[in-house]
There are 2 protein chains.
Amino acid sequence: MNTVSLTLNEILELAKKTLLANGCDEENASILADTIMRAERDGSVSHGLFRLPAYVAGLKSKKINGKARPELENVAPSIIKVLGNNAVAPMVLSLGLPAVIDLAKKNGVAVLAIKNSHHMAALWPETEAIAEAGLVGIACTSYKPAVAPAGATKPLYGTNPISFAWPRPGKTPVVYDMATASMAMGEVQIAKREGHKVPLGTGLTKEGKETTDPGEIADGGVILPFGGYKGSSIAMMVELLAGALIGENFSFETAAKDNNDGGPPSGGEFIIAISPEKISGKGWDKHADQFFSKMSAMDGVRLPGERRHKNRLDKGPRNINEELVNKIKSLS
Amino acid sequence: MNTVSLTLNEILELAKKTLLANGCDEENASILADTIMRAERDGSVSHGLFRLPAYVAGLKSKKINGKARPELENVAPSIIKVLGNNAVAPMVLSLGLPAVIDLAKKNGVAVLAIKNSHHMAALWPETEAIAEAGLVGIACTSYKPAVAPAGATKPLYGTNPISFAWPRPGKTPVVYDMATASMAMGEVQIAKREGHKVPLGTGLTKEGKETTDPGEIADGGVILPFGGYKGSSIAMMVELLAGALIGENFSFETAAKDNNDGGPPSGGEFIIAISPEKISGKGWDKHADQFFSKMSAMDGVRLPGERRHKNRLDKGPRNINEELVNKIKSLS
C-alpha cells in the first residue's frame, strides 16, 4: 500500500474542506472533521478518513443534513434527549455530552438518548469524554442486520457495538469499544483473501452450517455474535437499549428505511453516565487503581484502551493510504 | 438420583424452618425462603434448596446476620444505596427494589448500590421485579477470583454474572441472567465425570495452555471468560460496576476477607432501572414486540427467560434430590 504523510492538522483540514464542499456548514464540518482526525491520531483508522466518502454520500443524497442544529430536551429529571434532526453523530454529541455529564454529576446517574442522527464513528469518543469528566460512561448503538442471533441462520442484529469507559483522574481512562459481532464482515473478507481460517463460531455458511472457512461466510453466509448464546444476549440488549427504549429504530427497521447510498443511516444511540464520587465518595479512584494494578501485573494482560492512548502521544504525521487520500481530494 | 416430591409450599416451609433454626428471624427467613422456593419453582435448581446448606454455614459462622435490618440512604437524587448490614441479599433487595423502582419511574433512571450483603441467589429475581414494574433492569455482581482475564493464566475475576430484563406489560418479561465465565467450574467437573470434551476457550490447564479436556481445567487449571477478549471486557466491567463504583469489594478483595465457611461472602451488587415510558413515551412496548416477533419467528431462536416462565406455570409439586432434602432436614 502506498501512503502519504499527513500531519494531524492536515488530516483535520482535508476532512473539513471535503465536508464544507459537500453541504456542511462550518460548525458541522469542524466537529465531524475533528472526530475523524482523532480516529487517525489514535490509530483507529477504520473510523478515520476511511469513513469520509460514506459521509459525503449521505450528504449528497441529502439524508444527512450538513447544516443541522440538533435540539436538546430534558424529558425527565435524569434523562436528556437530543433530537439529531439528521445531523452527523459528533454534532449531536457535542450538544448532548456536556449536558449528560452535568446531569450525572448532579444526580449520580443520567441517560442521554440520541435520536435521528447519523453515526459512523467509533463509540469511544463519547464514553471517553464522559470518563474524562470523572464519570463512568457506557454507550451502544445498532445499525442494519448483519448478525444472526445465536441459534438462527439469518441476520437480525447489527454489529451493535458497545463501549465502556472507566475514569482515572490524572491518567488515561480504561476504555473498550467492541462490536458484539464475532468479527466485522470486512475482517472475514480479509481472512478469505489472505487464505486464513476463522475460529468456529465466527459465522455460518449460506446453508446455515458452522464453518471455519471465511469464504463460506462471506459468500452469502452470515456473521454470528461473539461468544455464542451469551454474546447474542448482549447484542439483543443493544438492539433494545438503542431501539425501543429510546424510541429509535431496531436494525431491521433501519434497513427498511435507509436509502442505501452507502452513508450512515438515521438512527439512535443510548448513552449512560454514572458518578462513582456520588455513589461511593472520595477514594474510589485509588480503589480502582488497586484492581488495575492487579490486572496489569498479570503476564499477557493489557488494560483496554492502552494502545490507543499510546498512539495519541505521537504528535507527528500519520501515513495515510494514498489511494484513499486521492479519492477524498476528488470529492471537493 | 432418588427424589422426593415436595409442593411449592413445602419447599418454602422447609427452607424457612431451616433458616429459623439457624439464627434467622421471621422476616429474614421468610424473604430468603421465598427466593429459594421461586428458584425451585422456575427450574433454576442450582439456586434453590441446593444453596441452603451454604447459607446455614454463613449463619453459623455469624458472618451472615440472620436478624439484620438493612438501611436505605438516598445519596444523590437518582442514587439509592442500601447498607446490607450483613443481611442475605433477598432481604436487602426487599428494601432497595421498591425504592429504585419508584425513583426510576420519577427520574427516568436510577441506580441501586447494594453494600455489605450476602448474595448466593440468581440475579433474575431482581431484574425481573424491575421489569414487572415496567422498567428495564440490569444487575451485576462479582464474587471471588475464579476466571482468568483473557491473555492471563491465573484467576482475577469472579464468575461475575450479569442480568438484563426487558418489560412487556401484560406478558412475561424477556430476561437473561448469565455468568461472564465461559462455564461454571461445577459444569466443567460434570463434563470431566461424564467424559465429555469442552469447547476450546472454556479454560486453561495448570500450565496455562488451551485445552478441551475438562479434567485439565478442573485439576489446577482455570476457567476463562465467555467469548475471549470481548467477554473478558464485560467481566472487567462487572468488577468495576459492582466494585469501585459502589465502594464495594473487587473479587480479589472478597477472597482476602472471606472466612471461607462455604457461605456467600459479604459483597455488593450494582443495579440500574430505566424507564422506557419516560424516555420514549407511549407505544414503546408495542414497538419492542415487533422486534420480539421477528426474533421468535426465526427457527432456532428462543426469547431469553421463556423456559423459566414456562416452568413457573406448573403449580404442582417438584421432585427434589432426596439426599439434599435429608441433609437440609438434619440442619434444624
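The structure we're discussing is the one just above.
Residues numbered from 1 in each chain as written. Chains lettered and ligands numbered in written order. Predicted model: local features only at pLDDT ≥ 70, side-chain atom pairs only at ≥ 80, totals over all residues. Heavy atoms only, no water.

Q: How do you make sense of the packing of aromatic side chains when you look at a structure like this?
A: Two descriptors summarise a pair of aromatic rings, namely the distance from one centre to the other and the angle between the planes of the rings. Residue and element names in this part refer to chain A. Per the counting criterion, the structure on display carries 13 aromatic pairs over all chains. Both rings, one in Phe-250 and one in Phe-252, keep their centres 6.1 Å apart while their planes meet at 10°; by these two values the pair is stacked. We classify Phe-252 as buried; its relative accessible area is 17%. Directly above the ring of Phe-292 sits Arg-168, whose terminal nitrogen or CZ lies 5.4 Å from the centroid. (Phe/Tyr/Trp six-rings, centres within 6.5 Å; stacked < 30°, edge-to-face > 60°. Buried < 20%, exposed > 50% of the residue type's maximum accessible area, 1.4 Å probe, protein only. Lys NZ or Arg CZ within 6 Å of the ring centre and 35° of its normal.)

Q: Any chance you could explain the relation of the copies chain A and chain B here in plain terms?
A: Note: a rotation about an axis with an accompanying shift along it relates these two copies of the chain. In screw terms, the move from chain A to chain B is a rotation of 180° and a rise of 0.0 Å along the axis, fitting with an RMSD of 0.0 Å. Both copies of the chain, as the preceding transformation shows, are related through a two-fold rotation axis. Identified as the residue of chain A closest to the rotation axis by C-alpha distance is Gly-227 of chain A, at 1.8 Å. A symmetric contact is evident, with 100% of the interface residues of chain A recurring at the interface of chain B. (Least-squares fit on C-alpha atoms with pLDDT ≥ 70 in both. Contact = heavy atoms within 4.5 Å.)

Q: In this structure, what is going on with the sheet that holds strand β9 (residues 210-211) of chain A? I would like to understand it.
A: For sheets, the rule is that strands pair by backbone hydrogen bonds, running either parallel or antiparallel. Residue and element names in this part refer to chain A. Spatial strand order, β9-β8-β10: 3 strands in an open sheet with antiparallel pairing. The sheet is open, and its two borders are formed by β9 and β10 (222-223), each paired with just one other strand. Examined bridge by bridge, strand β8 (residues 203-204) and β9 share 2 bridges and lie antiparallel to one another. What sits directly across from Gly-203, in β9, is Thr-211. (Pairing = 2+ DSSP bridges. Helix = DSSP H or I, 4+ residues; strand = E, 2+ residues; numbered from the N terminus.)

Q: Is there a simple way to think about helix α1 (residues 8-20) of chain A in this case?
A: Structural remark: α-helix, 3.6 residues per turn; residues separated by three or four positions point the same way. All names here are of chain A. If you check α1, its first and last C-alpha atoms are 18 Å apart, about what 13 residues at 1.5 Å a residue would give, namely 18 Å. Leu-8, Ile-11, Leu-12, Leu-14, Ala-15, Lys-16, Thr-18 and Leu-19 are the residues of α1 that are buried. Tucked inside the fold, the buried residues of α1 contact β1 (3-6), α2 (26-41), α3 (52-60), β12 (318-321) and α13 (322-329). (Expected span 1.5 Å × (residues − 1).)

Q: What am I meant to see in unusual backbone geometry here?
A: Peptide bonds are mostly trans, and most non-glycine residues show a negative phi. All names here are of chain B. Of note in the backbone geometry, Lys-62 takes a positive phi value of approximately 75° without being a glycine. Looking at the secondary structure, you find Lys-62 in the loop between α3 (52-60) and β2 (71-76). Of note, Asn-160 is a non-glycine position whose phi angle comes to about 40°, a positive value. Structurally, Asn-160 is set in the loop between β5 (136-140) and β6 (162-166).

Q: Explain the pairing of strand β11 (residues 266-274) of chain A to me, please; I cannot follow it from the model alone.
A: A regular strand places its side chains on the two faces of the sheet in alternate fashion. Residues and elements named next belong to chain A. Burial of β11 is extensive: 8 of the 9 residues sit out of reach of the surface. In terms of strand pairing, strand β4 (residues 109-118) meets β11 through 8 bridges, oriented antiparallel. Paired with His-118 across the two strands is Ser-266, which belongs to β11.

Q: Is there a simple way to explain the interface of chain A and chain B in this structure?
A: Listed per partner, the contact involves 73 residues of chain A and 73 residues of chain B. Considering only the surface of chain A that becomes buried against chain B, Lys-230, Ile-279 and Phe-291 of chain A emerge as the three largest contributors, covering 13% of it. Where chain A meets chain B, there are 0 salt bridges. Taken together, the connections running from chain A to chain B amount to 15 residue pairs in polar contact (both at pLDDT 80 or more). With 10 residues, helix α8 (residues 228-241) of chain A is the single largest residue contributor to the side of chain A that touches chain B. For the side of chain A that touches chain B, a count of residues per class yields 48 nonpolar, 15 polar and 10 charged. (Buried area = accessible area lost by both parts, 1.4 Å probe. Salt bridge = Lys/Arg side-chain N within 4 Å of Asp/Glu carboxyl O. Polar contact = N/O pair within 3.5 Å; in protein donor to acceptor, adjacent residues only side chain to side chain. Nonpolar A, V, L, I, M, F, W, Y, C, P; charged D, E, K, R; others polar.)

Q: How should the packing of helix α4 (residues 89-107) of chain B against helix α5 (residues 124-132) of chain B be read in this particular structure?
A: Packed helix pairs are characterised by how far apart their axes lie and by the angle those axes make with each other. Residues and elements named next belong to chain B. At a minimum axis separation of 10 Å, α4 and α5 run at an interaxial angle of 30°. As judged from the angle between their axes, α4 and α5 are roughly parallel. α5 is crossed by α4, and the crossing has right-handed handedness. Within the contact between the two elements, α4 uses Leu-93, Leu-97 and Ile-101 and α5 uses Glu-126, Ala-129 and Ile-130. Residue classes in the contact of α4 with α5 are distributed as 5 nonpolar, no polar and 1 charged. (Axes fitted to C-alpha atoms, helices over the stretch in contact; angles between N-to-C directions. Parallel < 35°, antiparallel > 145°, perpendicular 65-115°, else oblique. Left-handed = near helix turned anticlockwise from the far one by under 90°.)

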